[in-house]
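# Residue-level structural notes
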Amino acid sequence: MHQEASPHLHSTIQQIHDLGIRAGVSINPSTSVTTLDEIICEVDLVLVMSVNPGFGGQKFIESQVDKIRTLKAMCNEKGCNPWIEVDGGVTPENAWKVIDAGANAIVSGSGVFGAKDYAEAIQGIKNSSKTPVMA
């Protein structure tokens, strides 16, 4: 669920867990990770939106790299380890940034399906590094 859409986030997470289901929360680009401070160890997944939700093809918002890094540090400090996923604008050219910041998983719609060769785009994301590959 989106953190911004849940008036009682902790209660909703508890209800989901009571049903035997894992609970995840997503945060929009303008939402600070500090809003998750009290529930971070209660969730199984945090989805960091690196574009504004609503439509595909948007450009990756660079400030989200620091958000991922801050989120990972918060988790380490509290001794919990939710899965950190990043969604929006991730491509072979920038995937390394979110991985380096602490993300466990990447969602890439347009970065893959907008490419000429899907397999090449997926492999490019998997192989993304700080050093560009020379063709």
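In short, a report on the structure. (Residues numbered from 1 in each chain as written. Predicted model: local features only at pLDDT ≥ 70, side-chain atom pairs only at ≥ 80, totals over all residues. Heavy atoms only, no water.)

Below, the discussion takes up the side chain of S108. Within the secondary structure, S108 sits in the loop between β4 (105–107) and α4 (110–113). Engagement of the side chain of S108 in a polar contact is seen with the backbone oxygen of V90, the distance being 2.7 Å. Beyond its immediate sequence surroundings of up to four residues, S108 is in contact with V90 and I125. (Helix = DSSP H or I, 4+ residues; strand = E, 2+ residues; numbered from the N terminus. Polar contact = N/O pair within 3.5 Å; in protein donor to acceptor, adjacent residues only side chain to side chain. Contact = heavy atoms within 4.5 Å.)

With that settled, the discussion passes to the packing of aromatic side chains. By the definition in use, this model includes one aromatic pair. Arranged with centres 5.1 Å apart and planes meeting at 75°, the rings of F113 and Y118 form a pair that is edge-to-face. (Phe/Tyr/Trp six-rings, centres within 6.5 Å; stacked < 30°, edge-to-face > 60°.)

So, on to the pairing of strand β3 (residues 83–87). Side-chain direction in a regular strand flips from residue to residue, so the side chains alternate between the two faces of the sheet. Pairing analysis gives five bridges linking strand β2 (residues 45–49) to β3, with the strands arranged parallel. By the bridge assignment, V46 is partnered in β3 with I84. Taken together, β2, helix α2 (residues 63–78) and β3 constitute a β-α-β crossover, and its handedness is right-handed. Two elements, β3 and β4, share three bridges in a ladder whose sense is parallel. The residue of β4 that forms the bridge with V86 is I106. (Pairing = 2+ DSSP bridges. Right-handed = clockwise from strand over helix to strand, strands pointing away.)

As summarised here, the arrangement of the four strands in space is β1-β2-β3-β4, forming an open sheet in which the pairing is parallel. Looking at which strands have only one partner, the edges of the open sheet turn out to be β1 (24–27) and β4. Going across the sheet, the axis of each strand differs from the next one's by a mean of 20°, ignoring polarity. Packing of α2 onto the sheet brings it into contact with β1, β2 and β3, and relative to β2 it is tilted by some 160°. (Axes fitted to C-alpha atoms, helices over the stretch in contact; angles between N-to-C directions.)

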